[in-house]
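Chain by chain, the residues:
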Amino acid sequence: MTARAADRARYDRATAHLDAPLAIVDLEAFDDNADDLAARAGGKPIRVASKSVRCRALLERVLARPGFAGIMSFTLAESLWLARAGFDDVLLAYPSADRAAFAELAADPKLAAAVTVMVDDHSQLELIDASRAGGREEIRVCLELDTSLRLLGGRIRIGALRSPLRSPAQLAELARSVARRPGFRLVGLMAYEGHVAGVGDAVAGRPLRSRAIRLMQAAARRELAVRRAEVVRAVRAVAPELEFVNGGGTGSVQHTAAEAAVTEIAAGSGLYVPRLFDNYTSFTARPAAVFAQPVVRRPGVGVVTVLGGGYPASGAAGADRSPVPYLPEGLRYDAQEGAGEVQTPLLGSPADDLLIGDKVWFRHAKAGELCERFDALQLIEGDRITATVPTYRGEGKTFL
């Protein structure tokens, strides 16, 4: 029996009393993945990206482990909710225009002490001030550095369209603006190199493309390491008590941690290990989060149909954004239908061994987005469910 077949047998036994659709997290794999992330971080703390987990119980579990400290959130409303729930170090990874939430933040000393907001433009500071509604608490601020790789004099740009701040001088100028403005304190700097951390470098069947990606990423790491160090020096000259410099992502943990200027690493997807992480040479890990759909039809030889399953991930539309049939091994989509909203045909010889009501297990393309589809996660140890925990959705929270 292969390791994957053994996992399928365990998952089927653990959930035999439950009807699909359902989602599980294999805690042994989750914990092993956490250990791998911590080892690759080389002693630098990992700030957990909540968008990749979206389950408070699992955020608490990983933050209780050595090597993990703090949360990187994705909306201000989520940040306030987490802070009220007892998480005392929450970095908002994206600028916000949520005026009502800023008013709450500025009025509550506990929230203001726990939450750090992201800024990359003077006008964002003005929006926050205009949103205070009388609240006088000091707002903790983090600046974001653009990490994109520029080639041919800037005519070619590789990397996400995020912060407009690129040079040490630009970051230092905004740092001075924060320092001069009453009611704000600059505490951090963030630089997310998504073109390194979030792009697989071993694309199946594409050796030339894979090599090109590896060459690009090597060049990007070298350029960014030099520039990030220069930016940190420039910002520290303005704010010598800067608390943290955050960088990285699951795919680049060990490379980013090697930079002396970086004090902490951001990661989250590497806990669940969705299918997009199958194309990396920098690490290997075990899929921990999977979901099951029930077989409801057998249209013919070598075909079964499961209920639903069309859960696409965000990003540029393409086949790599669809979930992938995982267990039993050997199933594939019908090219004419793909993953459907209400039904999904699956082809392959394993279909002939599946009965009505059996479960087919899938892996989502990305990590935490799976939790937007399910109210609960079944936590599995061995071949038993040891807990059922709510996702954000199960707690009535849909922040985006």
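In this text the structure is predicted, and so the values were computed from the model without any measurement.

## Brief notes about the environment of S79
For step 1, the next point in the chain: Of note, S79 is situated in helix 4 (residues 76-84).
For step 2, the next point in the chain: Along the chain, S79 and G315 lie 236 residues apart, while their C-alpha atoms are 23 Å from each other.
For step 3, the next point in the chain: If near-sequence neighbours (up to four positions away) are discounted, S79 is found in contact with S73, V90, L92 and V115.
For step 4, the next point in the chain: For S79, the side chain forms a polar contact with the main-chain oxygen of T75, separated by 2.8 Å.

## Remarks on the domain arrangement of the protein chain
For step 1, the next point in the chain: For the protein chain, the domain assignment lists domain 1 (3-21 + 288-394) and domain 2 (28-272).
For step 2, the next point in the chain: Taking only C-alpha atoms, the centre of domain 1 and the centre of domain 2 are 32 Å apart.
For step 3, the next point in the chain: Each partner contributes residues to the interface: domain 1 has 14 residues there, and domain 2 has 21 residues.
For step 4, the next point in the chain: Buried surface at the junction of domain 1 and domain 2, both sides included, amounts to about 1200 Å², of which 66% is carbon and sulfur.
For step 5, the next point in the chain: Contact with domain 2 buries area across many residues of domain 1, yet A288, A367 and Y392 alone supply 48% of it, more than any other trio.
For step 6, the next point in the chain: In this assembly, domain 1 and domain 2 are joined by 1 salt bridge.
For step 7, the next point in the chain: E372 is paired through a salt bridge with R54; the nearest N and O atoms lie 2.7 Å apart.
For step 8, the next point in the chain: Remark: the boundary between domain 1 and domain 2 carries 6 residue pairs in polar contact (both at pLDDT 80 or more).
For step 9, the next point in the chain: Along the lines of polarity and charge, the residues of the side of domain 1 that touches domain 2 split into 10 nonpolar, 2 polar and 2 charged.

## Comments concerning the sheet that holds strand 5 (residues 115-119)
For step 1, the next point in the chain: Strand order around the closed barrel formed by 8 strands is 2-3-4-5-6-9-10-11, with parallel pairing between neighbours. Direction aside, the axes of adjacent strands within the sheet are offset by 30 degrees on average.
For step 2, the next point in the chain: Note: strand 3 (residues 68-73) against strand 4 (residues 90-92), 3 bridges, orientation parallel. Across the sheet, the residue bridging to S73 is L92, located in strand 4.
For step 3, the next point in the chain: Against the sheet, helix 7 (residues 122-131) contacts strand 5, strand 6 (139-144) and strand 9 (184-191), and its axis sits at roughly 135 degrees relative to strand 5.

## Examining the packing of aromatic side chains
Two descriptors summarise a pair of aromatic rings, namely the distance from one centre to the other and the angle between the planes of the rings.
For step 1, the next point in the chain: Per the stated rule, a full pass over the model turns up 14 aromatic pairs.
For step 2, the next point in the chain: Judged by centre distance (5.3 Å) and plane angle (10 degrees), the ring pair of F291 and F362 falls under stacked. Within this pair, whereas F291 is found in strand 12 (residues 289-300), its partner F362 is found in strand 17 (residues 359-363), the two being separated by 71 residues in sequence. F362 shares its class with F291; the two are buried.
For step 3, the next point in the chain: Here the aromatic residues F74, W81, Y392 and F399 are joined through ring pairs into a cluster of three or more.
For step 4, the next point in the chain: Here the basic side chain of R40 rests over the ring of F283, its NZ or CZ set 4.3 Å away from the ring centre.

Rules behind the numbers
- Residues numbered from 1 in each chain as written.
- Predicted model: local features only at pLDDT ≥ 70, side-chain atom pairs only at ≥ 80, totals over all residues.
- Heavy atoms only, no water.
- Helix = DSSP H or I, 4+ residues; strand = E, 2+ residues; numbered from the N terminus.
- Contact = heavy atoms within 4.5 Å.
- Polar contact = N/O pair within 3.5 Å; in protein donor to acceptor, adjacent residues only side chain to side chain.
- Domains from an automatic or database assignment.
- Buried area = accessible area lost by both parts, 1.4 Å probe.
- Salt bridge = Lys/Arg side-chain N within 4 Å of Asp/Glu carboxyl O.
- Nonpolar A, V, L, I, M, F, W, Y, C, P; charged D, E, K, R; others polar.
- Pairing = 2+ DSSP bridges.
- Axes fitted to C-alpha atoms, helices over the stretch in contact; angles between N-to-C directions.
- Phe/Tyr/Trp six-rings, centres within 6.5 Å; stacked < 30°, edge-to-face > 60°.
- Buried < 20%, exposed > 50% of the residue type's maximum accessible area, 1.4 Å probe, protein only.
- Lys NZ or Arg CZ within 6 Å of the ring centre and 35° of its normal.

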